[in-house]
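Residues per chain are reported as follows:
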Amino acid sequence: LSAALAARTKKLQFVTNVYIVPLRHPVELAKATSSASYFSGGRICLGAGAGWVKEEFDLLGVDFKTRGKRFDECIEVMRKLWTGEMVEHHGEFFDFPPLQMTPVPEQPVPIYIGGTSKAALRRAARVGDGWMGPGQTIDDALKTVEQLNALRAEYGRSNEPFHMIVPLYSATLNDLDDIKRLIDAGVEGILSLPFAFTVAPNSTLDQKRAYLEGYANDVIARLR
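From a predicted model like this one, the values you see are computed outputs, not experimental measurements.

Overview of the packing of aromatic side chains
Link 1 in the chain: Scanning the model with the defined rule gives four aromatic pairs in all.
Link 2 in the chain: Where Tyr38 meets Phe39, the ring centres are 5.0 Å apart and the plane angle is 85°; that geometry is what we call edge-to-face.
Link 3 in the chain: Note on Phe39: relative accessible area 66%, which makes it exposed.
Link 4 in the chain: Here the aromatic rings of Phe57 and Phe64 are separated by 5.3 Å at their centres, their planes lie at 75°, and the arrangement is edge-to-face. Phe64 carries the same exposure label as Phe57, and that label is buried.
Link 5 in the chain: The ring of Tyr19 has Arg24 sitting right over it, with the charged end atom 4.4 Å from the ring centre.
Link 6 in the chain: Here the basic side chain of Arg67 rests over the ring of Phe64, its NZ or CZ set 3.9 Å away from the ring centre.

In structure tokens, the structure reads:
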């Protein structure tokens, strides 16, 4: 879907929210995201999560207990492949001889780690290019931002680029004061909740379009 939309646009950036990485093979995922990023001019970001539904892993025959380690190794593999160089990998979960991926984007696909668990926040601070929240109140979101900043300092990454996308699951979503508090804290993105929450579960196309136009005029335009 991101690739299709990117083909019809020029400025919009796209990010998954979130893709359960340990359920997939990293070579396949690296190829899909690399191609989409290359042909879109680098407008693709990978919002990535470890997953929490054990039944999904059972269905695909993937060990649920080792998903964290698999996640970390997937990130390592994908970043190797996104270099466009001849690389090989011999890890705990994945093993392949020398190969080269092409085409690759000018810059590696950014990985935004999703989740608010201790493991997710540590992974975001340790190896992520950014972080994506699942939805929080303004106060909880600001506390999480503080945690991430502290963890990034712990890992010696305070001076590296890091992007945060924070959805607000509260009545204050359209409150510009709250959104500005997030911006002041270093947050670069918020989220317009799905139509089922903002309009109605069975809303029409006209209702959805009217909501998006209102969001653009009442929120986005006023934050520029």
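Side note on the side chain of Ser203
Link 1 in the chain: Among the structural elements, Ser203 can be located in the loop between helix 8 (195-198) and helix 9 (205-223).
Link 2 in the chain: On the basis of relative accessible area, Ser203 is assigned to the buried category, the value being 10%.
Link 3 in the chain: One polar contact links the side chain of Ser203 to the main-chain carbonyl oxygen of Ala200, over a distance of 3.2 Å.
Link 4 in the chain: Excluding anything up to four places from it in sequence, Ser203 contacts Phe195 and Lys208.

Some points on the state of the cysteines
Link 1 in the chain: For the structure on display, the rule yields zero disulfides.
Link 2 in the chain: Cys45 takes part in no disulfide bond, and the closest cysteine sulfur, belonging to Cys74, lies 18 Å away.
Link 3 in the chain: The buried category is assigned to Cys45, whose relative accessible area is 8%.
Link 4 in the chain: On the basis of relative accessible area, Cys74 is assigned to the buried category, the value being 1%.

Observations regarding the nonpolar core
Most often, soluble globular proteins have nonpolar side chains that are buried together.
Link 1 in the chain: Within the largest apolar cluster, 37 residues are counted, with the highest numbers of intra-cluster contacts made by Val21, Met78, Trp131 and Leu182.
Link 2 in the chain: Of all elements in the fold, only helix 2 (26-40), strand 3 (44-49), helix 4 (67-81), strand 6 (111-114), helix 5 (118-127) and helix 6 (138-154) reach the threshold of two or more residues within this core.

Here's the deal with helix 4
Structurally, the α-helix is built with 3.6 residues per turn, so residues lying three or four positions apart point the same way.
Link 1 in the chain: Here helix 4 is 15 residues long and its end C-alpha atoms lie 21 Å apart, about the 21 Å a rise of 1.5 Å per residue gives.
Link 2 in the chain: Those residues of helix 4 that are buried are in contact with helix 2, strand 3, strand 4 (87-90), strand 5 (95-99), strand 6 and helix 5.

Regarding the pairing of strand 3
Link 1 in the chain: For strand 3, the tally of buried residues reaches six of six residues, placing the bulk of the element in the interior.
Link 2 in the chain: Residues Ile44, Leu46 and Ala48 point to one face of strand 3 and Cys45, Gly47 and Gly49 to the other, with burial holding for every one of them.
Link 3 in the chain: In the sheet, strand 1 (residues 14-15) pairs with strand 3 via two bridges, with the strands oriented parallel. Considered in strand 3, the bridge of Phe14 is made with Ile44.
Link 4 in the chain: Sheet topology places strand 2 (residues 19-20) next to strand 3; two bridges connect them, and they run parallel.

Calculation rules
Residues numbered from 1 in each chain as written. Predicted model: local features only at pLDDT ≥ 70, side-chain atom pairs only at ≥ 80, totals over all residues. Heavy atoms only, no water. Phe/Tyr/Trp six-rings, centres within 6.5 Å; stacked < 30°, edge-to-face > 60°. Buried < 20%, exposed > 50% of the residue type's maximum accessible area, 1.4 Å probe, protein only. Lys NZ or Arg CZ within 6 Å of the ring centre and 35° of its normal. Helix = DSSP H or I, 4+ residues; strand = E, 2+ residues; numbered from the N terminus. Polar contact = N/O pair within 3.5 Å; in protein donor to acceptor, adjacent residues only side chain to side chain. Contact = heavy atoms within 4.5 Å. Disulfide = S-S within 2.5 Å. Core = buried A, V, L, I, M, F, W, Y, C linked by side-chain atoms within 4.5 Å. Expected span 1.5 Å × (residues − 1). Pairing = 2+ DSSP bridges.

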